[in-house]
Amino acid sequence: MNTTYRLCAIDLDDTLLNSHHVLSDANRKVVQKVAQMGVIVIIASGRMHETTLPTVQALGLQTPVISYNGAMIRNPITGETWLNETVPPELADEIRAFARENRFQLNYYLDDHIYSAEHTPWMELYQQRTGAHFEILPDFYERLKGTAPTKLIIVTHPATVQELLPIMQQRYQGRLTVMRSNVEYLEFLPLNASKGKALAIVAERFHIPAEETIAIGDSWNDISMLQWAGLGVAVDNAKPEVKAVARRTVPSCDEDGVAVALNEIFQIKENNT
């Protein structure tokens, strides 16, 4: 319906990937078709850069990847990094101490590696969803002192995340971005890091205005990029707050919603996918 869109940012988990974290053939084929048409397709994920790569490779993309909820932009082919923001060491030390005191699972992302103090069921849950390889550090709390991670995540019960979210947002107001990306994830990011900000940087580098940009997502961490893009699209399994800011809602991630959206937008015939 519109051939002026030149940039498309797509979230991974529960958007491009289905609820089993698998890339369907339908989504893969349509994304590849759109890229072949000359549209710049980028992955925009809350995941660490490394765990986006299997999907990027399966799609054959050679474009920059937005990872860590917008704290990093890196090209997986050339290694060129356009953005790499980090949490100040003193704040990372505070959060590590808080997690230790309350016995929370803390995912610690440093230099595109992920560290944990021990194996826990919450660590395993995250690992199953993303394929992330954790390095267990027995001296986790002391060894990482003074380091500047890309982000940190407390992984725990949804009710606990809901309770902690406003408390931590107030505590770190003006110092960090604190958000949910999943009901079990409380994320601590560099101040002002967001997918929307990162998407704006990518668009500027390619000289593409917001109105010629599409963003597709499902969760709270996608809201900023759906708001920034000229066309924000939510899959049907998206959180209500995401649907509220989207200009269009398409079928769920288990019904190849990304393929449906791109087929409609770029008028791709089914038998060409």
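Model, not experiment: these values are computed from the prediction. Note on numbering: residues in each chain are counted from 1, in written sequence order. Reporting of local features is limited, given that this is a predicted model, to residues whose pLDDT is at least 70; pairs of side-chain atoms are given and counted only at 80 or more, and all residues count toward the totals for whole chains, interfaces and linings. Only hydrogens and water are set aside; all other atoms, that is, all heavy atoms of the structure, feed into the side-chain values.

K.L.:
Mind showing me how you'd approach the pairing of strand E12 (residues 213-217) here?
P.N.:
Under the scheme applied here, a residue whose accessible area is under 20% of the maximum for its type counts as buried, over 50% as exposed, and between as partly exposed, the area being computed with a 1.4 Å probe on protein chains only. Helix and strand definitions here come from DSSP, where helices need a minimum of 4 consecutive H or I residues and strands a minimum of 2 consecutive E residues; each element is numbered from the N-terminal end. A large share of E12 lies buried, amounting to 5 of its 5 residues. The side-chain alternation of E12 yields two buried faces, one formed by Thr-213, Ala-215 and Gly-217 and the other by Ile-214 and Ile-216. Pairing analysis gives 4 bridges linking strand E1 (residues 7-10) to E12, with the strands arranged parallel. Opposite Ala-9, over in E12, you have Ala-215 as the bridge partner. Relative to strand E13 (residues 231-235), E12 is paired through 4 bridges, and the arrangement is parallel. By the bridge assignment, Ile-214 is partnered in E13 with Leu-231. Looking down the strands as they point away from the viewer, one classifies a crossover as right-handed if the path from the first strand across the helix to the second runs clockwise. One crossover worth recording links E12 to the parallel E13 by way of helix H9 (residues 223-228), and it is right-handed. DSSP-based pairing: two strands are paired if at least 2 bridges between them are found.

K.L.:
Would you take a moment to explain helix H3 (residues 49-59) for this structure?
P.N.:
Note: α-helices contain 3.6 residues per turn, so residues at a spacing of three or four share the same orientation. All of the buried residues in H3 are His-49, Thr-51, Thr-52, Leu-53, Thr-55, Val-56 and Leu-59. After H3 finishes, the residue Gly-60 shows a positive phi value of roughly 75°.

K.L.:
Would you mind showing me how to read the nonpolar core here?
P.N.:
In a soluble, globular protein the nonpolar side chains are often hidden away together inside. Judged by nonpolar contacts, the single largest core of 30 residues is most densely connected at Ile-10, Leu-16, Ile-214, Leu-262 and Phe-266. If you list the elements that add at least two residues to this core, you get E1, helix H1 (12-16), helix H2 (25-36), strand E2 (40-43), H3, E12, E13 and helix H11 (257-266). No other element matches H11, which puts 6 residues into this core. Any two residues having at least one pair of non-hydrogen atoms within 4.5 Å are treated as being in contact. Beyond its immediate stretch of four places on either side in the chain, Ile-214 contacts Tyr-5, Leu-7, Cys-8, Ala-9, Ala-229, Leu-231, Val-233, Ile-265 and Phe-266. What makes a nonpolar core is a set of buried Ala, Val, Leu, Ile, Met, Phe, Trp, Tyr and Cys residues whose side-chain atoms join them at distances within 4.5 Å.

K.L.:
Got a minute to help me understand the environment of Ile-167 in this structure?
P.N.:
Relative to the helices and strands, Ile-167 resides in helix H7 (residues 158-171). Counting along the chain gives 11 residues from Ile-167 to Val-178, while the straight-line C-alpha distance between them is 9.8 Å.

K.L.:
Sorry if this is basic, but what is going on with the pattern of salt bridges here?
P.N.:
Between side chains of opposite charge, a pair can form when the charged atoms approach closely. Salt bridges are defined by distance alone: a side-chain nitrogen of Lys or Arg within 4 Å of a carboxyl oxygen of Asp or Glu. Following the criterion strictly, the structure yields 14 salt bridges and no others. Across the pair Glu-184 and Arg-129 runs a salt bridge, and its minimum N-O distance is 2.9 Å. Pair noted here: Glu-184 is in the loop between strand E10 (176-182) and strand E11 (185-190) and Arg-129 is in helix H5 (residues 121-130), with a separation of 55 residues, a long-range link. Each member of the pair, Glu-184 as well as Arg-129, is classed as buried. A salt bridge links Asp-222 to Lys-195, with the shortest nitrogen-to-oxygen separation between them at 2.6 Å. Taken together, the residues span a long stretch of sequence, with Asp-222 in the loop between E12 and H9 and Lys-195 in helix H8 (residues 195-205) at a distance of 27 residues.

K.L.:
What am I meant to see in the sheet that holds strand E8 (residues 134-136) here?
P.N.:
Sheets are built from strands that pair by backbone hydrogen bonding, the pairs being arranged parallel or antiparallel. Strand order in the open sheet formed by 6 strands is E8-E7-E6-E9-E11-E10, with mixed pairing between adjacent strands. This sheet does not close on itself; its edge strands, each paired only once, are E8 and E10. Strand-to-strand twist across the sheet, computed as the mean angle between neighbouring axes with direction ignored, equals 25°. The sheet contact formed by strand E9 (residues 151-155) and E11 spans 4 bridges and is antiparallel. When the bridges of E11 are listed, Val-155 appears paired with Tyr-185. Helix axes use the C-alpha atoms of the stretch in contact, all axes being lines fitted to C-alpha atoms, and the angles between their N-to-C directions lie in the range 0 to 180 degrees. With respect to the sheet, H7 is in contact with E10 and E11, its orientation differing from that of E10 by roughly 165°.

K.L.:
What's the story with the packing of aromatic side chains in this structure? I'm lost.
P.N.:
Each aromatic ring pair is summarised here by two numbers: the centre-to-centre distance and the angle between the ring planes. Each Phe, Tyr or Trp ring, with Trp reduced to its six-membered ring, pairs with another whose centre is within 6.5 Å; inter-plane angles below 30 degrees give stacked pairs, above 60 give edge-to-face pairs, and intermediate values give tilted ones. In total, this model carries 9 aromatic pairs according to the counting rule given. Judged by centre distance (6.1 Å) and plane angle (85°), the ring pair of Tyr-126 and Phe-134 falls under edge-to-face. Of the residues examined, Phe-134 reaches a relative accessible area of 6% and is grouped as buried. Summarising the aromatic geometry, the rings of Phe-140 and Tyr-141 are spaced 4.9 Å apart at their centres and angled 85° between planes, so their arrangement reads as edge-to-face. Accessibility classification places Phe-140 together with Tyr-141 in one group, the buried group. Three or more aromatic residues link up through ring pairs in this structure, and these residues are Tyr-68, Tyr-109, Tyr-126, Phe-134 and Tyr-185. Only lysine NZ and arginine CZ atoms are considered, and such an atom sits over a ring when it is within 6 Å of the ring centre and within 35 degrees of the ring normal. The ring centre of Trp-220 lies 4.9 Å from the NZ or CZ of Lys-239, which sits over that ring.

K.L.:
What is the right way to read the sheet that holds strand E3 (residues 65-67) from this model?
P.N.:
One open sheet holds the 3 strands; their spatial order is E3-E4-E5, and the pairing between them is antiparallel. Only two strands of the sheet have a single partner each, and these edge strands are E3 and strand E5 (81-84). Averaged over all pairs of adjacent strands, the angle between strand axes in this sheet comes to 20°, irrespective of strand direction. Relative to the sheet, H3 contacts E3 and strand E4 (72-74), its axis offset from that of E3 by approximately 140°.

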